[in-house]
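One-letter residues, chain by chain:
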Amino acid sequence: MSSEKVPNPIATTAANTKTTPPPHGVEFVKGVNGLDKVVLRDPRGSLAEVYLYGGHVTSWKNDQGEELLFVSNKAIFKPPKAIRGGIPICFPQFSNLGSLDAHGFARNRFWSIDPDPSPFPTNTSNKVFVDLILKPTEEDIKTWPHSYEFRLRVALGPGGDLMLTSRIRNTNSDGKPFTFTFAYHTYFSVSDISEVRVEGLETLDYLDNMQNRKRCTEQGDAITFESEVDKIYLSTPTKIAILDHEKKRTFVIRKDGLPDAVVWNPWDKKAKAMADFGDDEYKHMLCVEAAAIERPITLKPGEEWRGRQELSAVPSSYCSGQLDPRKVLQGS
Ligand code: BG6
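Please read all numbers here as calculations on a predicted model, not as lab measurements.

About the criteria used
- Residues numbered from 1 in each chain as written.
- Predicted model: local features only at pLDDT ≥ 70, side-chain atom pairs only at ≥ 80, totals over all residues.
- Heavy atoms only, no water.
- Near = heavy atom within 4 Å.
- Polar contact = N/O pair within 3.5 Å; in protein donor to acceptor, adjacent residues only side chain to side chain.
- Areas by Shrake-Rupley, 256 points an atom, 1.4 Å probe, with all protein chains shown as cover.
- UniProt positions renumbered as here; feature names shortened; annotations may be inferred.
- Helix = DSSP H or I, 4+ residues; strand = E, 2+ residues; numbered from the N terminus.
- Contact = heavy atoms within 4.5 Å.
- Buried < 20%, exposed > 50% of the residue type's maximum accessible area, 1.4 Å probe, protein only.

Turning next to the site of the ligand. With respect to spatial proximity, the complete set of residues near the ligand consists of Arg84, Phe94, His103, Arg107, His185, Asn209, Asp230, Val262, Trp264 and Glu289. Take Asp230: an N or O atom from its side chain is 2.5 Å from an oxygen atom of the ligand. About the coverage of the ligand: the protein hides 79% of its 390 Å² of free accessible area.

The subject of this paragraph is the UniProt feature "active site" (unreviewed entry) in the chain. According to UniProt, the "active site" (unreviewed entry) feature falls on His185 and Glu289. Separation in sequence by 105 residues is not matched in space for these annotated residues, since their most distant C-alpha atoms are only 4.7 Å apart. Mapped onto the fold, His185 is located in the loop between strand 10 (178-184) and strand 11 (187-189). Setting aside its immediate chain neighbours within four residues, His185 contacts Gly86, Ile87, Pro88, Cys90, His103, Trp264, Cys287 and Glu289. Inspection of the secondary structure puts Glu289 in strand 20 (residues 285-299). You can call Glu289 buried: its relative accessible area is 1%. When near neighbours in sequence (up to four residues on either side) are disregarded, Glu289 contacts Phe94, Ala183, Tyr184, His185, Thr186, Asp260, Ala261, Val262 and Trp264.

Following this line, the structure appears as structure tokens:
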């Protein structure tokens, strides 16, 4: 991927032609096909990359330089196709639960750097972050007739944690509320899908996308993978863990405002049917998506919704029994 440095896009607007250096740890570069990309670097070595196309995180590396997200080798970095992998944002519609294209349009729109993000209640002084904003185009309003401001903050914490905070505000001037569903469609990189288990979703109800969203109940054991999975788990806990035996790594997802969690792996047949996904790549990815689906969010004009996910990757000695995965879930 090319990484030519470019000036801060905020500084190159007509209103501000001076070159303002981006904040420390933040770089504006050109990515694949010349698309604008923001690189966040924590002083300890972790890194995240975000494309303005889609407001899409495409890379998250730990301080060892190991990639933690999956992006397909066949991903197409070209509108109108969403980038296959990383963290696409599904808004204002999850999947085909409505009249819009699958997963809505946020993932294939050009976002901007937010020059004026409204303040956050939490202290962000020790984080490297970028604020993006998406507003509807005239074309969008034809298919989803609403005015909104979608602010996305992508932040890297000092321990390498990756935090995404979405704030969606209804700015309709016609007094009308709007309703949406949402997901952070995170593709985690795993060593081998058959060596992975997900903890935190046992015994929960889910809608099975492979059976017309039939409502079912999960068994008591942690979830493992031996065939295609496409499930929307309902009313999930705020923490979910993905344990990768072979890598001896545990991903912990902490979420807020996002009660549901989608678990998806296309397995071999669906993998072959996707033009932007390698035939065997299903072995090395797992999507666990913090989401708000079962109960869509309704906002009146002036109201704002907030949905947040925080990802951490911790070394796990799970195989040798030194670390009980339940402690990962229960610990802070
Ligand atoms: C998942 C859905 O979230 O995304 C699946 O549950 C879907 O049903 C998958 O196949 C990928 O969607 P897309 O539109 O990116 O190919």
